[in-house]
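Spelled out, the chains give:
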Amino acid sequence: MDFLTPSYTKEVWVKLDVDNLKSNNNIISGRSGHAFRLIGGMADAGHSRRWTEVQDPQRIEAGWQHYAVTYDEASKTMVLYKNGEQVSINHNVSAFNGTGATLLGSFRRGYTYEGALDEVRVWNYARSPEDIASNYRKGLQGTEEGLISYYDFNQGVPGGENSTLTTLMNLAGNNNGTLSGFSLTGDA
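This one's a predicted model, so the numbers in the text were calculated from it and none came from an experiment. (Residues numbered from 1 in each chain as written. Predicted model: local features only at pLDDT ≥ 70, side-chain atom pairs only at ≥ 80, totals over all residues. Heavy atoms only, no water.)

1. Brief notes about the overall build of the chain
Broken down by element type, the chain carries one helix and 14 strands. The buried share of the chain, reckoned over its 188 residues, is 46%. For the chain, long-range pairs separated by at least 24 residues make up 59% of all intrachain contacts whose partners lie at least 6 apart in sequence. Summed over its atoms, the accessible surface of the chain is roughly 9,300 Å², and 46% of this surface lies on carbon and sulfur atoms. (Helix = DSSP H or I, 4+ residues; strand = E, 2+ residues; numbered from the N terminus. Buried < 20%, exposed > 50% of the residue type's maximum accessible area, 1.4 Å probe, protein only. Contact = heavy atoms within 4.5 Å. Areas by Shrake-Rupley, 256 points an atom, 1.4 Å probe, with all protein chains shown as cover.)

2. Quick notes on the sheet that holds strand β6 (residues 50-55)
Spatial strand order, β2-β4-β5-β6: four strands in an open sheet with antiparallel pairing. Edge positions in the open sheet fall to β2 (24-26) and β6, since each of these has one partner strand only. Each adjacent strand pair in this sheet contributes to an overall mean axis angle of 40 degrees, direction not counted. Relative to strand β5 (residues 42-47), strand β4 (residues 34-39) runs antiparallel, the two being bridged by six bridges. In the strand pairing of β5, I39 is matched with M42. (Pairing = 2+ DSSP bridges. Axes fitted to C-alpha atoms, helices over the stretch in contact; angles between N-to-C directions.)

3. Some remarks on the sheet that holds strand β8 (residues 77-82)
Strand pairing in a sheet is mediated by backbone hydrogen bonds. Such pairs are either parallel or antiparallel. The antiparallel open sheet is built from six strands, whose spatial order is β9-β8-β7-β1-β11-β12. Edge strands, defined here as strands with exactly one partner in the open sheet, are β9 (85-90) and β12 (147-151). Neighbour-to-neighbour, the strand axes of the sheet open up by a mean angle of 15 degrees, direction not taken into account. In terms of strand pairing, strand β1 (residues 8-16) meets strand β7 (residues 65-72) through seven bridges, oriented antiparallel. Note on β7: the bridge partner recorded for E11 is A68.

4. Side note on the confidence of the model for the chain
Confidence along the chain averages 83 in pLDDT terms, with 83% of residues attaining 70 or more. Mean pLDDT per element in the chain: strand β10 (residues 102-104) is the minimum at 71, and β9 is the maximum at 98. (pLDDT = per-residue confidence, 0-100.)

5. A closer look at the nonpolar core
Ranked by internal contacts, the top residues of the largest apolar core, which has 29 residues, are V12, V14, I27, F36, V69 and M78. If you list the elements that add at least two residues to this core, you get β1, β4, β5, β7, β8, β11 (115-123) and β12. Take this core: its biggest share by element is four residues, from β1. (Core = buried A, V, L, I, M, F, W, Y, C linked by side-chain atoms within 4.5 Å.)

6. So, the packing of aromatic side chains
Tallied over the entire structure, the rule returns three aromatic pairs. Ring centres of Y8 and Y71 lie 5.9 Å apart, and the angle between their planes is 35 degrees; this geometry places the pair in the tilted category. Of this pair, Y8 sits in strand β1 while Y71 sits in strand β7, placing them 63 residues apart in sequence. The class of Y8 is buried, set by a relative accessible area of 1%. (Phe/Tyr/Trp six-rings, centres within 6.5 Å; stacked < 30°, edge-to-face > 60°.)

7. Notes on the pairing of β7
Of all eight residues that make up β7, seven are buried, and the element is covered over most of its length. Strand direction decides the pairing type here: β7 and β8, joined by six bridges, are antiparallel. Within the sheet, the bridge partner assigned to Y71 lies in β8 and is M78. Between β7 and β8, which follow one another and run antiparallel, lie four residues, and K76 among them has a positive phi close to 60 degrees.

8. Some details on unusual backbone geometry
You will see that K76, though not glycine, has its phi angle at about 60 degrees, which is positive. Looking at where K76 falls in the secondary structure, it is placed in the loop between β7 and β8. On the basis of relative accessibility, which here comes to 39%, the residue K76 falls in the partly exposed class. The residue E119 is not glycine, and still its phi comes out positive at about 50 degrees. The topology assignment puts E119 in strand β11.

Structure follows, in structure tokens:
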């Protein structure tokens, strides 16, 4: 996946077994510099040195949940959203200095996420609360302004045996992902 820009938005639909949570489930994280994860059953995000800059005060619920985190470098503001509504904000978040690829479902090949992911979107700016609220349920074309990565996970056969699929198509560009450690069944 592409490198993050100084200001960004990360969005994802997640579903996991809330009765069997691991302590740390990384969702969209860099090998260094930034994390967006479920830790102790609560969504949080941040940059290195202070990984938890914003955190949902409620534990994740059963079923599909949409999360988004925005970061505006100019104002140093990070905001966390759940199902289109703001749940946490921090106006004093230092910029990240990370390099290297952004990973889905792990951090440095560890702290793996054990659940379902869908509609992963990364933007090169901090989207507004109105953008998040009005668009989180909508599918995208992949050509939207500022969208740098869009993985809709619609490849393969739903409920089928898809173990031969190893490439996750980036519908917003040509930086496709490599699938490793996913069940690839299409079951959610």
